[in-house]
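# Architecture and fold: a report
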Amino acid sequence: MPRSFRRALVGCPLLVGLAAVFAALLDPGPAVIATTVVAFVSEVTAALACFWSARHAAAGDRRWRVLIGMFAVGLAGGALLTAVTLLKGDSIRSSVTSEYLGLIAFYGLALAGLLCLPTHPVDGRGVHGRGSDLTRWYAIVVLDSALIVGSILLFEWGTSLEAIARASAPDPVQLLIALVHQLTMLALAATVLLIATFRRPRSPTTLALLGGGLLAYSLTGSIHVYRFAHGHYDLPAWSLIPLIVSLQLITLAALAPVRGPVEQHTAAEAGPRSMWAHTALPYAVLGVTSLLPLGKLVAGTPLNRVEAYGAVSLLLLAFTRQMITMAENTRLLAEVRKREKQLNYQAFHDPLTGLANRALFARRLQHEVDPDIEPGNDATPTGSQAAVSVLCLDLDQFKRVNDTFGHAIGDELLKIIAGRLRAGIGTNDTVARLGGDEFAVIIDSSGPDEPVHVAQRLAAAVQTPCHLAGRTYLPHASLGLVTLDPDARPVSPDSLLHQADLAMYAAKRTKTGRLVVYDRHLVRGDHPPCL
């Protein structure tokens, strides 16, 4: 944590405490003057903190500090004018019009500073994607913006704008300035909420402090405008304390530590809490606003037209937003299920050939050996084994193909062999690539063809010449077959596959390319029978 930020953490509460002491201990007149001076010092401190930190900040992190610093300078000018007027013993009524008219221009600087705060799109939405996704995202942004701004506007109407609009102010210019000032602060507050909703700040602490300070200042200004519209220019000292607090938050925002380089257009991944907050914020603002008309209805006070039509309009917007959310959730659920199917397929299939992989082969072989055992259960077979045959196949001299023609041609040969095996099996059979150039086939022995005949047909198909690298190539393979006798003692899938491997390696030793059927003599290394 920078030393300047640590000092600000100590100094800012001291200024707020000093203003509270003045407001509590001094008489009303001196208390207003003293708290106004403290407010002036706070505004100057905020401006200096912004300008000083802008000198040491990265290029993309300077602009908002300069703009907010200029905003603080404008506030300091207004506070200085008020303090001088009070020290002269004059009424501040004459300075209210010019002061607040000038502040409206400085609110534009605060708005520009907020918009220049380095942020990222929420989860990359609105940056990349298909046209329909972008349209849906923009519709959500518009609806949420309308919900937030409309809710704040209805809240401001119920708390101050209605009273200002109906007040019989002695000077129409003052009333107009009050309304413009109120709407400007409304836009500032809405911008803070919209940034928190649709953007992710690079420094959440900075946005929280800066947004909180500007929101506190706008709410404090609403109280002042409301009083001025009714001719009450004698601001009590305590009303300046929230203003001082808001300036201290701006000071801390300028001095808060920022980590990492500034990347204005980098999409950030939103976490679960952040996504929930982004979704719930428009409804939270709407919920707070709905307390006003509900309170009137409970108290038996009728709603005026603005409140009635505004509440109905906001409810329609919320309903439309919710329907879009439900459609979005349905679409996302369909995508999740589709991806689950894809992941399940990728987990049990070879990515090159599309055949079953070793995991799926082992699962199906387990089911064929003992259908009573569920997939993934390592229990010992019960003995109710069906007639099943396993064929193992290994390409001969496959390494020479890779070394001579390259791995791409070797992959093409594997695809050709996989296609031939897939075309030569029955609907109840399973062909898998166990790895490298080794394949295996589960042959349903209850089919119309004998397993030996199926294996011989596959051996002939695999060793048929093919076109490879622009020339004719004759594949060679070694094949071993084992058939499980249902009346034999229980045999595990691993042992059955091992027996098929023994037969395949026996065929490889003969170098004839003919099928070898497993029998007990292969264990002793006797000469295998070839078919």
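Residues numbered from 1 in each chain as written. Predicted model: local features only at pLDDT ≥ 70, side-chain atom pairs only at ≥ 80, totals over all residues. Heavy atoms only, no water.

### Thoughts on the overall build of the chain
Looking only at helices and strands, the chain features 15 helices and 9 strands. Out of the 531 residues in the chain, the part that is buried amounts to 43%. A fraction of 73% describes how many contacts in the chain between residues 6 or more apart in sequence connect residues 24 or more apart. (Helix = DSSP H or I, 4+ residues; strand = E, 2+ residues; numbered from the N terminus. Buried < 20%, exposed > 50% of the residue type's maximum accessible area, 1.4 Å probe, protein only. Contact = heavy atoms within 4.5 Å.)

### Observations concerning the sheet that holds strand E5 (residues 438–444)
Either a parallel or an antiparallel arrangement is found when strands of a sheet pair, and the pairing is made through backbone hydrogen bonds. Across the sheet, which stays open at both edges, the 5 strands sit in the order E4-E5-E3-E8-E9 with mixed pairing between neighbours. Two strands lie at the open edges of the sheet, namely strand E4 (430–435) and strand E9 (515–517), each paired on one side alone. Averaged over neighbouring strand pairs, the angle between their axes works out to 20 degrees when direction is ignored. In this sheet, E9 lies alongside strand E8 (residues 477–484) in parallel orientation, the contact comprising 3 bridges. (Pairing = 2+ DSSP bridges. Axes fitted to C-alpha atoms, helices over the stretch in contact; angles between N-to-C directions.)

### Looking at the confidence of the model for the chain
Interpretation of the predicted coordinates at a detailed level should be avoided for regions scoring low in pLDDT. For the chain, the average pLDDT comes to 80, and 77% of its residues sit at 70 or higher. Confidence over residues 124–129 falls short of pLDDT 50; this stretch has 10 contacts with residues more than four positions distant or in other chains. Considering only residues more than four positions removed or in separate chains, one finds that residues 378–384, a stretch of pLDDT under 50, has 15 contacts. (pLDDT = per-residue confidence, 0-100.)

### What about the environment of Gly74?
Here Gly74 lies in helix H3 (residues 63–87). For Gly74, a relative accessible area of 9% gives the class buried. C-alpha separation for the pair Gly74 and Ala105, spaced 31 residues apart in sequence, amounts to 8.9 Å.

### Re the pattern of salt bridges
Applying the stated criterion across every chain yields a total of 8 salt bridges. Of the charged contacts in the structure, one is a salt bridge between Arg331 and Glu328, with a shortest N-O distance of 2.8 Å. Here Arg331 and its partner Glu328 are both found in helix H10 (residues 305–348), 3 residues apart, which amounts to about one turn of the helix. With a relative accessible area of 21%, Arg331 lands in the partly exposed category. Through salt bridges with shared partners, one network takes in Glu328, Arg331 and Glu335. (Salt bridge = Lys/Arg side-chain N within 4 Å of Asp/Glu carboxyl O.)

### Some points on the pairing of strand E3 (residues 388–395)
The element E3 is largely enclosed, with a buried count of 8 among its 8 residues. Taking every second residue as pointing to the same face, both faces of E3 are buried, with Val388, Val390, Cys392 and Asp394 on one and Ser389, Leu391, Leu393 and Leu395 on the other. Sheet topology note: the E3/E5 ladder contains 7 bridges and is antiparallel. Bridge pairing links Val390 to Ile442 in E5.

### Quick notes on the packing of helix H12 (residues 398–405) against helix H13 (residues 407–424)
Helix-helix packing is characterised by the crossing angle of the two axes and by the distance between the axes. Two elements in contact, H12 and H13, have axes whose closest approach is 6 Å; the angle formed by their N-to-C orientations is 140 degrees. Relative to H13, H12 is oriented oblique. Facing Phe398, Val401, Asn402 and Phe405 of H12, the residues of H13 in contact are His407, Ile409, Gly410, Leu413 and Leu414. By residue class, the composition of the contact of H12 with H13 is 6 nonpolar, 3 polar and no charged. (Parallel < 35°, antiparallel > 145°, perpendicular 65-115°, else oblique. Nonpolar A, V, L, I, M, F, W, Y, C, P; charged D, E, K, R; others polar.)

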